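For reference, the chains in residue letters:
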Amino acid sequence: MSGRIFQNVVLQFKDTTDRTVGVIDAEGTVIACSELTGIGKKWAKYVEAIDSAEGGCIALEGKTFKALPGWGGHFDYTVFATGDDSVGRTVCAMACVALNSAKTYYEEKHDKGSFIKNIISDNILISDIYMRAKELHVAAEVPRGVFVIRPVEGRSEAISLEVVQNLFPDRQNDFVISVGETDVALIHQMPESTTNKDLEKVATTIEEALREDGESHVFVGIGTLALHLRDLAKSYKEAQIAIEVGKVFDTERYVINYENLGIGRLIYQLPTTLCEMFLQEVFKKNPIDALDQETLFTIYKFFENNLNVSETARKLFVHRNTLVYRLEKIKKLTGLDLREFDDAITFKVALMVKKYLTSRGIDA
């Protein structure tokens, strides 16, 4: 970002205060100053202290500093005003507001990251995408993976933007964007021959990098490969859905691909009233809650082993006849014979519907 944008603003303060106002960059170089002789001075000795202030005002050697909001916790630009008294703090705070507005306006017009964020947030018309892409020299028709990174529930720590940015340092083609209070989105340029496995490999790299003490710290949702800028918003929504659906139907996975959600994706989009009606129709004889935990465990194992009685009995360490007896008991309770393919499908879907309703706090 050009210091000229800041310089135009700080010069306006020269007529309203006798305090010198300016901006330093992340290396401590003065890039804008109401006193022109100050431009270019090196104040690297202040950088560490400003960083540790975490965005608050800090007085150093007769000057007051306040960092402008930046990415990843480390400041990009800091406003300063001479004087460490109340007037200095007030002037610095006022300059910070004005300069941050100028920074935001500039980024919205000229920053690629803001452009991409507007696309995935559906804050830009499709017709404007083409025009802005040309202005910003952003390639419109290249494959891009869209990933949403979200903290596991119960985790209070924010996701480290810096860690993700270090994994994908190409600021011209890869974009790491903070979205909402908790999510981070990664838009990563991919090769032409990209497959689902390639997307999952990228997501796994992110998940592993953010693990703490060997424990998963985040979910990573993967949208379908976006072949054009206009596809980014759709892929971003898919990545969000992948996390939501995965948390319900595939609780052991932390990397979740939208294209692998299967029937869970359909169930998740159904009205809950329709789901309740479906369960009532399937379990006319007895509700699904009539099945005890041992019986449900047997059913899950039967499905895991592709409805193979002998293999399931072996995995359960029971005699084949014992398993057949259990399946007959399930048939009497529910009216469904899990050895029959159609009944097995109906039961499998019913279990997923029940799980979905439970996740919504509905006791069906």
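Details of the structure are given in the entry above.
Figured I'd write up the structure that's included with this text. Predicted, not measured: the structure shown is a model, and the values here were computed from it.

Structural notes on the nonpolar core
Phase 1: Of all hydrophobic cores here, the largest spans 60 residues; its most connected members are Phe115, Ile116, Leu229, Leu232, Ile299 and Phe347.
Phase 2: No other element matches helix α14 (residues 341-359), which puts nine residues into this core.
Phase 3: Ile116 has contacts with Phe175, Ile177, Ile187, Leu229 and Leu232, leaving out every residue within four places of it along the chain.
Phase 4: The next biggest cluster of nonpolar side chains, apart from the first, holds 19 residues, and it includes Phe168, Met190, Leu210 and Val218.

Structural notes on a nonpolar patch on the surface
Phase 1: The grouping of Leu11, Leu36 and Ile39 at the surface amounts to a nonpolar patch, some 260 Å² of accessible area in total.
Phase 2: In this fold, Ile39 is placed in the loop between β2 (30-33) and α2 (47-52).
Phase 3: On the basis of relative accessibility, which here comes to 38%, the residue Ile39 falls in the partly exposed class.

Examining the sheet that holds strand β4 (residues 63-67)
Phase 1: Here five strands make up an open sheet; going across it, the order is β2-β1-β5-β4-β3 and the pairing antiparallel. Since the sheet does not close on itself, it has two edges, and those belong to β2 and β3 (58-60), each with one partner. Taking each pair of neighbouring strands and ignoring which way they run, the sheet shows an average axis angle of 30°.

Looking at the packing of helix α11 (residues 293-304) against helix α12 (residues 309-316)
Packed helices, taken two at a time, are described by their axes: the angle between them and the distance between them.
Phase 1: α12 packs onto α11 with a crossing angle of 125° between their chain directions and a minimal axis gap of 9 Å. The angle between α11 and α12 places the two elements in the oblique class. Where α11 crosses over α12, the handedness of that crossing is right-handed. Of the residues in α12, those touching α11 at Phe297, Thr298, Lys301 and Phe302 are Val309, Thr312 and Leu316.
Phase 2: For the contact of α11 with α12, the residue count by class is four nonpolar, two polar and one charged.

How each quantity is defined
- Residues numbered from 1 in each chain as written.
- Predicted model: local features only at pLDDT ≥ 70, side-chain atom pairs only at ≥ 80, totals over all residues.
- Heavy atoms only, no water.
- Core = buried A, V, L, I, M, F, W, Y, C linked by side-chain atoms within 4.5 Å.
- Buried < 20%, exposed > 50% of the residue type's maximum accessible area, 1.4 Å probe, protein only.
- Helix = DSSP H or I, 4+ residues; strand = E, 2+ residues; numbered from the N terminus.
- Contact = heavy atoms within 4.5 Å.
- Patch = residues over 30% accessible without salt bridge, like charges linked within 9 Å, V, L, I, M, F, W, Y side chains within 5 Å.
- Areas by Shrake-Rupley, 256 points an atom, 1.4 Å probe, with all protein chains shown as cover.
- Salt bridge = Lys/Arg side-chain N within 4 Å of Asp/Glu carboxyl O.
- Pairing = 2+ DSSP bridges.
- Axes fitted to C-alpha atoms, helices over the stretch in contact; angles between N-to-C directions.
- Parallel < 35°, antiparallel > 145°, perpendicular 65-115°, else oblique.
- Left-handed = near helix turned anticlockwise from the far one by under 90°.
- Nonpolar A, V, L, I, M, F, W, Y, C, P; charged D, E, K, R; others polar.

From the geometry alone we can't say anything about function, so treat these as descriptive.
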